[in-house]
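Here's the letter readout for the chains.
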Amino acid sequence: MKQTPEELCDTVAHIPAAPATSSITDPRAKKSGEALRAAMLALLERKPLEQITIREIALEAGVHYATFFRHHPTKEALLDDVAADQIVRLVALTMPVLETADSHASFRALANYVNEHRALWTTLLTGGAAGAMRAEWLRVSKEVAVERAPREGWLPVELAVSCTVSLIVETISWWLAQPHGSHSVMQMAQYMERLVSAASAVAEGGGSGRGEAMF
């Protein structure tokens with residue numbers, strides 16, 4: 001007996017009638033796209049990506065199963081969409097770190113945000129797409145920093161961003177790989193602040209004292 005599209009397994013490729021996209025401008029489509037992203041975030045808090053099915057995502061989002069494929073061809077594509085949005089948010093939290101020497105509050109806000117979305121960022125930064133996520137975080141950070149960073153800084157903007165963001169990403173990735181609760185948000189904020197300060201001090205030839213912002 002021939003299966004209907006509704007009966008197809010999530011692991012079988014689904015070919016939509018039109019190119020799948022999450023940037024549809026129709027208000028109803030926009031609302032369902034937002035619901036799908038929220039559903040993915042909610043489900044990732046409860047289980048790893050490999051255990052999540054498209055049917056579960058659609059049910060969590062309150063949309064029809066077929067509606068999913070009007071936005072994304074696979075659950076991995078939806079995760080990419082979620083990741084892009086989350087990276088923009090993280091970059092917004094990272095920029096104050098790059099722009100001020102008194103950045104403790106900024107590091108704390110960054111660590112707290114990652115902790116609140118720990119399941120998602122564990123998937124993004126320690127899973128198979130970790131390299132791509134790191135590269136995208138760095139790319140977006142550079143784009144934003146070029147517009148916002150002061151031009152008279154001692155270090156070229158792109159190099160400062162690369163050094164700082166790389167330290168932050170690696171520190172967060174390490175944190176996410178540790179047992180949950182083994183290091184608090186405050187501890188991680190301190191680790192990142194001291195690492196970035198130390199890197200700045202060494203680059204300036206200032207020894208081990210607290211350095212100023214890399215810009």
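Throughout this description, residue numbers start from 1 for each chain and increase along the sequence as written. At least 70 in pLDDT is required for a residue's local features to be given in this predicted model, at least 80 for side-chain atom pairs to be given and counted, and no such filter applies to totals for whole chains, interfaces and linings, which use all residues. Excluded from the side-chain calculation are hydrogens and water; included are all heavy atoms of the structure.

### What to know about a nonpolar patch on the surface
Condition: Exposure above 30% relative accessible area and the absence of a salt bridge qualify a residue for a patch, where like charges join within 9 Å and nonpolar side chains (Val, Leu, Ile, Met, Phe, Trp, Tyr) within 5 Å. Accessibility throughout is a Shrake-Rupley quantity obtained with a 1.4 Å probe, and a residue counts as covered only by protein chains that appear here. By convention in these notes, a salt bridge is any Lys or Arg side-chain nitrogen within 4 Å of a carboxyl oxygen on Asp or Glu. Here a strand is any run of E in DSSP of at least two residues, a helix any run of H or I of at least four, and the numbering for each starts at the N terminus. Each residue is assigned to one of three classes by its accessible area relative to the maximum for its type, calculated with a 1.4 Å probe on protein chains only: buried under 20%, partly exposed between the two thresholds, exposed over 50%.
Among the surface-exposed residues, Trp174, Tyr191 and Leu195 lie close enough to one another that they form a single nonpolar patch of about 270 Å² accessible area. Topologically, Trp174 is positioned in helix H8 (residues 157–177). Judged by its relative accessible area of 39%, Trp174 is partly exposed.

### Observations regarding helix H2 (residues 54–61)
Worth spelling out the cut-off: Of all possible arcs, the one meant is that of the directions from the helix axis to the C-beta atoms.
Buried within H2 we find Ile54, Ile57, Ala58 and Ala61. One side of H2 carries all its buried residues, which in axial view fall inside an arc of 95 degrees. Gly62, located one to two residues past H2, shows a positive phi value of around 75 degrees.

### A look at the packing of aromatic side chains
Our working definition: Whether two aromatic rings pair depends on their centres lying within 6.5 Å, for rings of Phe, Tyr and Trp, where Trp uses its six-membered ring; planes under 30 degrees apart make the pair stacked, over 60 edge-to-face, and the rest tilted. Here, a charge over a ring is recorded when the distance from Lys NZ or Arg CZ to the ring centre is within 6 Å and its angle to the ring normal is within 35 degrees.
All chains considered together, the criterion is met by three aromatic pairs. Pairing Phe68 with Phe69 gives two aromatic rings, centres 5.3 Å apart and planes at 75 degrees, and the pair type is edge-to-face. Accessibility classification places Phe68 together with Phe69 in one group, the buried group. Here the aromatic cluster, defined as three or more aromatic residues joined through ring pairs, consists of Tyr65, Phe68 and Phe69. Over the aromatic face of Tyr65 sits the side chain of Arg55, whose NZ or CZ is 4.2 Å from the ring centroid. Above the face of the Trp175 ring, Arg118 is positioned so that its terminal group lies 5.4 Å from the ring centre.

### As for the packing of helix H5 (residues 104–116) against H8
For clarity, the threshold we go by: Angles here are taken between N-to-C directions and fall from 0 to 180 degrees, while the axes themselves are lines fitted to C-alpha atoms, restricted in helices to the stretch in contact. Our angle categories are set so that under 35 degrees counts as roughly parallel, over 145 as roughly antiparallel, 65 to 115 as roughly perpendicular, and the remainder as oblique. Left-handed describes a crossing whose near helix is turned anticlockwise from the far helix through less than a right angle; right-handed describes the clockwise counterpart. Here, two residues are considered to be in contact whenever any of their heavy atoms come within 4.5 Å of each other.
At their nearest, the axes of H5 and H8 sit 12 Å apart, and the two run at 40 degrees to each other. When the axis of H5 is compared with that of H8, the two are oblique. Crossing handedness for the pair H5 and H8: right-handed. In this structure, H5 contributes Phe107, Leu110, Ala111, Val114 and Asn115 to the contact, and H8 contributes Ile168, Ile172, Trp175 and Leu176.

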